[in-house]
Amino acid sequence: MTVLDTPQLATELKKIKAQYPGLLEGFDEEGLRNTLVHAAGEKLSSVAESSARTIGQQIATIRKSVADFDSIIERMQVVDQSVKDIDNSIGTVVREAKGSSDELELVSERMKVLEEHFQEIDGLVRSVNEIADQTHLLSLNATIEAARAGEAGRGFAVVASEVKELANTTKETNQEVQETLDRIAEAVTTLSESVEQSVKKMEHSIAAVEVARQSASTIGIETSQFGHRLSSSLELFRELDCTSSVVENEVKEIDTIGRTFFYLIELMDKTVFKNLVNPLERLLPLVEKSEFRAPERFSRVEPEYVLKSDDILISATDTKGRITFANNTFYEVAEYEPGTLVGEPHNVIRHPDMPKAAFADLWAVIEAGNLWQGYVANRSRLGRLYWVKANVFPCFEGNNIVGYISIRTKPEPEMIKKAVEAYRLVV
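Read on for a plain summary of the structure. Keep in mind that this is a model prediction, so the values were computed, not measured.

Analysis parameters
Residues numbered from 1 in each chain as written. Predicted model: local features only at pLDDT ≥ 70, side-chain atom pairs only at ≥ 80, totals over all residues. Heavy atoms only, no water. Pairing = 2+ DSSP bridges. Helix = DSSP H or I, 4+ residues; strand = E, 2+ residues; numbered from the N terminus. Axes fitted to C-alpha atoms, helices over the stretch in contact; angles between N-to-C directions. Contact = heavy atoms within 4.5 Å. Buried < 20%, exposed > 50% of the residue type's maximum accessible area, 1.4 Å probe, protein only. Patch = residues over 30% accessible without salt bridge, like charges linked within 9 Å, V, L, I, M, F, W, Y side chains within 5 Å. Areas by Shrake-Rupley, 256 points an atom, 1.4 Å probe, with all protein chains shown as cover. Salt bridge = Lys/Arg side-chain N within 4 Å of Asp/Glu carboxyl O. Lys, Arg positive; Asp, Glu negative; His and termini not counted. Charge placed at Lys NZ, Arg CZ, Asp CG, Glu CD. Phe/Tyr/Trp six-rings, centres within 6.5 Å; stacked < 30°, edge-to-face > 60°. Lys NZ or Arg CZ within 6 Å of the ring centre and 35° of its normal.

## Concerning the sheet that holds strand 3 (residues 372-379)
Now for step 1: Reading across from one edge, 2-1-5-4-3 is the order of the five strands in this open sheet, with antiparallel pairing throughout. Pairing within the sheet leaves two strands with one partner each, and these edge strands are strand 2 (323-326) and strand 3. If you compare each strand with its neighbour and ignore which way they point, the axes differ by 30° on average.
Now for step 2: Relative to strand 2, strand 1 (residues 313-317) runs antiparallel, the two sharing three bridges. Bridge assignment links Ser315 to a residue of strand 2, and that residue is Ala326.
Now for step 3: In this fold helix 7 (residues 356-367) packs onto strand 3, strand 4 (385-397) and strand 5 (400-409), with an angle of close to 140° to the strand it touches most, strand 3.

Structural data, given as structure tokens:
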């Protein structure tokens, strides 16, 4: 048996009284029941508040995790873009280096051709040297023959002398050409070797850059895969975050129910549940005196939602009628996103055909510290009509009203008809 099983407790007490006359004489059953209800209410309120605080902290942690995941993914995207930039830059370097390597190889091939040409020129120079040597020998022989011929060979001797001089000049010039060609050949050989070494180094550099490119590509792939895994995890957290909003509102509902129980106990102490009058009966004198008629009220064709028997709409407001909380069923029936009506006036869902007199009666009752019951037509965000049976009561903390709580359930169809008839006759 729990502390809320007061009817069973009262039954047990009656049995004990019957079995042991006089034992419990003077025992205050009603006082005990009230004490237990008070204790249960305080405990429920305490547990609800504690649960709301704990789950609120957990939801805050989930939302913080989502924010952290978002930040990590943003940074991963920066890394991924940087890797792509590096890959593009390395690709450019590889292409340019490959082009330079191709050009160097072409230069190397041309240098080899040039060396071959120098070898051919060297051969020609050697041939010219041999011709010069032979010419020099012929001129020497001609000089000897001219000396033997005496006066008759004088002209021939002059020619032989000129030929000899030409051969010497050719020999000297050819020697200079040979020396120049030797220097050029040496320079060409050195340059060719340098080019070959440059080609080899360039090939090594290209290979190293290619390895770096592969590494960057691998980093990019790993980063991308890690990013995808993070994105998948983030989606799970987002789903959890979405459901956490519903859970958060449900926890607030538990907290509100706990506070409602507490406030109801306060109202019980003030005996506001006694002598409750149906608001339609309370409006009867006004209806009877009224000459106002509005037969068009609630006559238009409009979509309507009929509350299910287990639909319980709970909302809380401050003393000005601004919504401080509404449960998920409230938002679902009113067709608003959970939490979006906090801070809005409660009459945001009021149907335009509802008479002002009904709400004037409501405020007069609850501001006096009493519970109000009535039938109210509301209109959802998307324009559908729905009727509720409303129970609105003030929330006391000590002797001060700190707000109001409304609990709405499915109304009886016959009472809706009576309410429509009454509401067409009052302003």
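Structure shown, so let's carry the discussion forward.
## Examining the side chain of Asn378
Now for step 1: Mapping Asn378 onto the fold places it in strand 3.
Now for step 2: Look at Asn378 and you get buried, because its relative accessible area is 4%.
Now for step 3: Sequence-distant contacts of Asn378, that is, excluding residues within four places in its chain, are made with Ile349, Arg350, His351, Arg384, Leu385, Tyr386 and Val388.

## What about a negative patch on the surface?
Now for step 1: On the surface, a cluster of negative charge is contributed by Glu172, Glu176, Glu179, Asp182 and Glu186.
Now for step 2: You can see Glu186 is positioned in helix 3 (residues 154-269).
Now for step 3: You can call Glu186 exposed: its relative accessible area is 55%.

## What about the packing of aromatic side chains?
Now for step 1: Counting across every chain of the model gives four aromatic pairs.
Now for step 2: Both rings, one in Phe330 and one in Tyr331, keep their centres 5.9 Å apart while their planes meet at 80°; by these two values the pair is edge-to-face. Each member of the pair, Phe330 as well as Tyr331, carries the same accessibility label: buried.
Now for step 3: Ring plane angle 85° and centroid distance 5.5 Å describe the contact between Trp363 and Tyr404, whose orientation is recorded as edge-to-face. Here Tyr404 lies in strand 5 and Trp363 lies in helix 7, a separation of 41 residues in the sequence.
Now for step 4: Looking at Tyr404, the relative accessible area reads 6%, which means it is buried.
Now for step 5: Taken together, the ring pairs connect Phe298, Trp387 and Tyr423 into an aromatic cluster.
Now for step 6: Just above the ring of Tyr336 sits the side chain of Arg381; from NZ or CZ to the centre is 6.0 Å.

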